[in-house]
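Topology and contacts: notes
In case you want the letters, here they are:
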Amino acid sequence: MGDERPVYTLDEALSALRFGKYQALVLAYAGLGWVSEAMEIMILSFVGPAVKSKWKLTSSEESLLTTVVFAGMLLGAYSWGIISDNYGRRKSFLGIAMVTSMAGLLSSFSPNYVSLVIFRCFVGFGLGGVPVFLAYFLEFVPVSHRGTWMVALSAFWTAGTIFEASLAWVVMTRLNWRWLLAFSSVPSFALLLFYGLAPESPRYLCAKARTADAHRILEKMAFVNRTKLPPGILVSDKAIKENEESNLLRDTHMLSMTRKITDKLKSGFSSFFMLFSRKLIRTTLLLWVLFFANVFSYYGAVLLTSKLSSGDSKCGSKVLHADKSKDNSLYVDVFIASLAELPGLIFSAIIVDKIGRKLSMVLIFVSACIFLLPLVFHQSAVVTTVLLFGVRMCVTGTITVATIYAPEIYPTSARTTGFGVASSLGKVGGMVCPLVAVGLVTSCHLRLAVILFEVVFVLAIASSLLFPFETMGRELKDTVDAIES
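The following refers to the structure shown.

What counts as what
Residues numbered from 1 in each chain as written. Predicted model: local features only at pLDDT ≥ 70, side-chain atom pairs only at ≥ 80, totals over all residues. Heavy atoms only, no water. Helix = DSSP H or I, 4+ residues; strand = E, 2+ residues; numbered from the N terminus. Buried < 20%, exposed > 50% of the residue type's maximum accessible area, 1.4 Å probe, protein only. Contact = heavy atoms within 4.5 Å. Areas by Shrake-Rupley, 256 points an atom, 1.4 Å probe, with all protein chains shown as cover. Salt bridge = Lys/Arg side-chain N within 4 Å of Asp/Glu carboxyl O. 1 Å grid on protein atoms, 1.4 Å probe; cavity = no way out; pocket = protein on both sides within 12 Å on 5 of 7 lines; lining within 4 Å. Points joined across faces, edges and corners; volume = space filled by probe spheres on them. Nonpolar A, V, L, I, M, F, W, Y, C, P; charged D, E, K, R; others polar. Disulfide = S-S within 2.5 Å. Axes fitted to C-alpha atoms, helices over the stretch in contact; angles between N-to-C directions. Parallel < 35°, antiparallel > 145°, perpendicular 65-115°, else oblique. Left-handed = near helix turned anticlockwise from the far one by under 90°. Expected span 1.5 Å × (residues − 1).

Helices and strands together make up the secondary structure of the protein, namely 24 helices and two strands. Looking at the protein residue by residue over its 485 residues, the buried ones come to 56%. Residue pairs in contact within the protein that sit at least 24 positions apart in sequence constitute 83% of those at least 6 positions apart. Surface summary for the protein: the accessible area is close to 20000 Å², and the carbon and sulfur share equals 69%.

So this is what it looks like as structure tokens:
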């Protein structure tokens, strides 16, 4: 190239601009997406029992209300990831917010069980796109202390769960489940309201060779943060890689083939097939195991608290119900269990940028095993609550670190697709959990349920140890070829 002007990468620009007011606004918008999902998921603990009582449903019909949400999320996570990687983060936000808000509100007007199941499935489809918000925020954050800021985003999920438990405590004791469904859709409508303020991801723009558009966003970021961009021209990893490969004859044929395949599969499937390339297949399969274990364990802890607090289980209800009023015990227990997420987040924030993502997950999973093991034997109400508090704390920590690691390990060209597909496989854990683990508790097999959770934790520990590399302190990559560098 004849142009001798200096160049800089997006990571160098973000480091120069530092984390400021601009990223704080992006954090607020992405966080609103996480609040929306947390509230719509937590609502399952309250609406299921209320609808079962109102419409005289069987236990299987009640479980289906939870299962269809995760089924919708499974499909949505894949679909929104494809849309985001091929058409932009902002366009996926618009679709996610429209589907989730409208389906959530319409759920409150459901005239019968079948319509409620259908609307909740559509809510799940919309919620499946929430991982896009995390990947989106990640692409605005400088490398330094990236893990800590991603934990800050995860705090919005915890805020959503605590707020939903508080809202249910107020609404369900004074109004009914329909009002709770309506109020819980408000954050999704807020995403629509503030959609015009959300910028496109500059990293996505660079990956699509739209560096001029990315530069304009960086200039605006510099103005808001009161900092300056590095001197020179913005270039992407993709441009650098292609320039290097143009000088390597042995790679020319492979590069041309890749371009042809990408053009043919421009509809979006190229980003999906990329997950099974030689460099990514191991990561992809291990992430699927990790996310399945995380989601299975998390909703197991949530629904376990709900089951042991409601009168549903002939044996389990006596564990936590002994000295509480039946009207408020569910809301109190879920609220207390939701508070357990706060120390989990704090602990994650402390260790994730010190010992790394992989070791953090292993350490927290081992702690979860230790908290859960005493429940193999009958415990008092206080001890059971404390142990479930500890399990919820640990599982929150592992989910937090996993949701940081997953988008970091994938290149920009497949980031939201890879993260979305892993998230969708995790939703299978959410679908299976109420049917298997909670079913064991309901039928008085608490010990067997605990052993099942322990096995899942061990699988998660193994997958965490087998990941190919650590992402702490590494710059995000735009292409698959750049991952190994």
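Now that the structure has been shown, the text picks up again.
Okay, the pattern of salt bridges next. Within this structure, the stated rule accounts for nine salt bridges. In this structure, Asp11 engages Arg203 in a salt bridge whose closest nitrogen and oxygen atoms are separated by 2.9 Å. Within this pair, whereas Asp11 is found in helix 1 (residues 10-17), its partner Arg203 is found in helix 11 (residues 202-207), the two being separated by 192 residues in sequence. You'll find Asp11 and Arg203 in the same group, each marked buried. Its salt-bridge partner being Asp213, residue Arg210 comes within 3.0 Å of it at the nearest N-O pair. For Arg210, a relative accessible area of 39% puts it in the partly exposed group. Residues joined in a network through salt bridges with shared partners are Asp85, Arg89, Glu139 and Arg415.

Per the counting criterion, the structure on display carries nine cavities of 30 Å³ or more. Approximately 290 Å³ is the volume attributed to the largest cavity. Along the walls of the largest cavity sit 19 residues, with Trp34, Trp157, Ile399, Thr403 and Lys427 positioned nearest its centre. Broken down by secondary-structure element, the contributors of at least two residues to the lining of the largest cavity are helix 2 (21-42), helix 8 (146-174), helix 16 (281-309), helix 21 (381-409) and helix 22 (415-435). Here the lining of the largest cavity takes five residues from helix 16, the largest share from any one element. Broken down by class, the residue content of the lining of the largest cavity amounts to nine nonpolar, seven polar and three charged.

So, about the state of the cysteines. Evaluation of the coordinates by the stated rule reveals zero disulfides. In this structure Cys369 is not part of a disulfide, and its nearest cysteine sulfur, from Cys394, lies 9.1 Å away.

A word on the packing of helix 7 (residues 131-138) against helix 21. One can describe the packing of helix 7 onto helix 21 by two numbers: an axis separation of 10 Å at closest approach and a directional angle of 70°. Judged by the angle between their axes, helix 7 and helix 21 are roughly perpendicular. The element helix 7 and its partner helix 21 pack so that their crossing is right-handed. Here Leu134, Ala135 and Leu138 of helix 7 come into contact with helix 21, specifically with Thr403, Pro407 and Glu408. In terms of residue class, the contact of helix 7 with helix 21 is made up of four nonpolar, one polar and one charged.

What follows deals with helix 24 (residues 446-466). In an α-helix, one turn spans 3.6 residues, which is why side chains three or four residues apart end up on the same side. Taking 1.5 Å of rise per residue, 21 residues should cover 30 Å, and helix 24 covers 31 Å from first to last C-alpha, within 8% of that figure. All buried positions along helix 24 are accounted for by Ala449, Val450, Phe453, Glu454, Val456, Phe457, Ala460, Ile461, Ser463 and Ser464.

So far we have only geometry, and geometry alone does not tell us how the molecule works.
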